[in-house]
Amino acid sequence: MTTAAPTLMSWTDSLNTGDARMDETHREFTDMINQILATPEDEQLPVYKKFLDHTVEHFAQEERWMLATGFSADNCHAEHHATILETMRVVEAHYLDTDKQIITRLAEALAEWFPGHANSMDAGLAAHLKSVGFDSVTETLADPSAIKNVTMSGCGSVSCS
C-alpha cells in the first residue's frame, strides 16, 4: 500500500513576524519540516533529531528574548513551547518501537500548528521586542530602563489560546 506524498509547508509573507532574526529562524524551522516530509519514513530519524535540536534552540532563543524584555518565566508562550518539545521528545521512542509514520504525522501537525503560532504569539513577541528597543541580533536592549518593572505574563499576543 502506498500513501500519498505529504504536502510540503510553503513559506509565505504571512509568516513574517517583523523581526528579521526570528523570521530567519522560522524559515529554517519550516525548511526542516519540509526536509522531514520529503525523506522516506525509514530514513527520517537522523533528520528528525537535527530538527528537534533546532527547535530546542529556536524556542530557547525566543524565551531568552522574552525574559530579557520583561516576560515572566511562566508566560503561556513559553508554556506552548514546552508542550511542543515534550511531544517532540517522545516521538523518537515511538518511532524506534514500531511506529515509523509518527515523525511524518508530527511534522504534518507542526506544519498545521506553526502558522497560527507565528501569526499570533511570535508576531506579538516581535512587536513587543520592537516596542522596547530590543535588538534580536545582539540580544541587547537600547535602553534597559524601557522594561523596568514590566512583567508580562501573557503570550506576546492578544490571546493565549
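A brief structural summary. Please read all numbers here as calculations on a predicted model, not as lab measurements.

1. Quick look at the environment of Ile 102
Okay, so step 1: By the element assignment, Ile 102 lies in helix H4 (residues 102-131).
Okay, so step 2: Here the alpha-carbon distance between Ile 102 and Glu 41, two residues 61 residues apart in the chain, equals 8.8 Å.
Okay, so step 3: When neighbours within four sequence positions are excluded, Ile 102 is seen to be in contact with Val 91, His 94 and Tyr 95.

2. What to know about the nonpolar core
Okay, so step 1: With 27 residues, the main nonpolar core has Ile 33, Ile 36, Tyr 48, Phe 51, Met 88, Ile 103 and Leu 110 as its most contacted residues.
Okay, so step 2: If you list the elements that add at least two residues to this core, you get helix H1 (20-38), helix H2 (44-68), helix H3 (76-97) and H4.
Okay, so step 3: If one sorts the elements of this core by residue count, H4 sits on top with 8 residues.
Okay, so step 4: Residues contacting Phe 51, with those up to four places away along its chain left out, are Phe 29, Met 32, Ile 33, Ile 36, Met 88 and Leu 110.

3. Section: the packing of H3 against H4
Okay, so step 1: Where H3 meets H4, the axes come as close as 12 Å, and the angle between the chain directions of the two elements is 170°. Considering the angle they form, H3 stands roughly antiparallel to H4. Counted together, His 77, His 80, His 81, Ile 84, Thr 87, Met 88, Val 91, His 94 and Tyr 95 of H3 and Ile 102, Ile 103, Leu 106, Leu 110, Trp 113, His 117, Met 121, Asp 122 and Leu 125 of H4 form the full contact between these two elements.
Okay, so step 2: Classifying every residue of the contact of H3 with H4 gives 11 nonpolar, 6 polar and 1 charged.

About the cut-offs
- Residues numbered from 1 in each chain as written.
- Predicted model: local features only at pLDDT ≥ 70, side-chain atom pairs only at ≥ 80, totals over all residues.
- Heavy atoms only, no water.
- Helix = DSSP H or I, 4+ residues; strand = E, 2+ residues; numbered from the N terminus.
- Contact = heavy atoms within 4.5 Å.
- Core = buried A, V, L, I, M, F, W, Y, C linked by side-chain atoms within 4.5 Å.
- Buried < 20%, exposed > 50% of the residue type's maximum accessible area, 1.4 Å probe, protein only.
- Axes fitted to C-alpha atoms, helices over the stretch in contact; angles between N-to-C directions.
- Parallel < 35°, antiparallel > 145°, perpendicular 65-115°, else oblique.
- Nonpolar A, V, L, I, M, F, W, Y, C, P; charged D, E, K, R; others polar.

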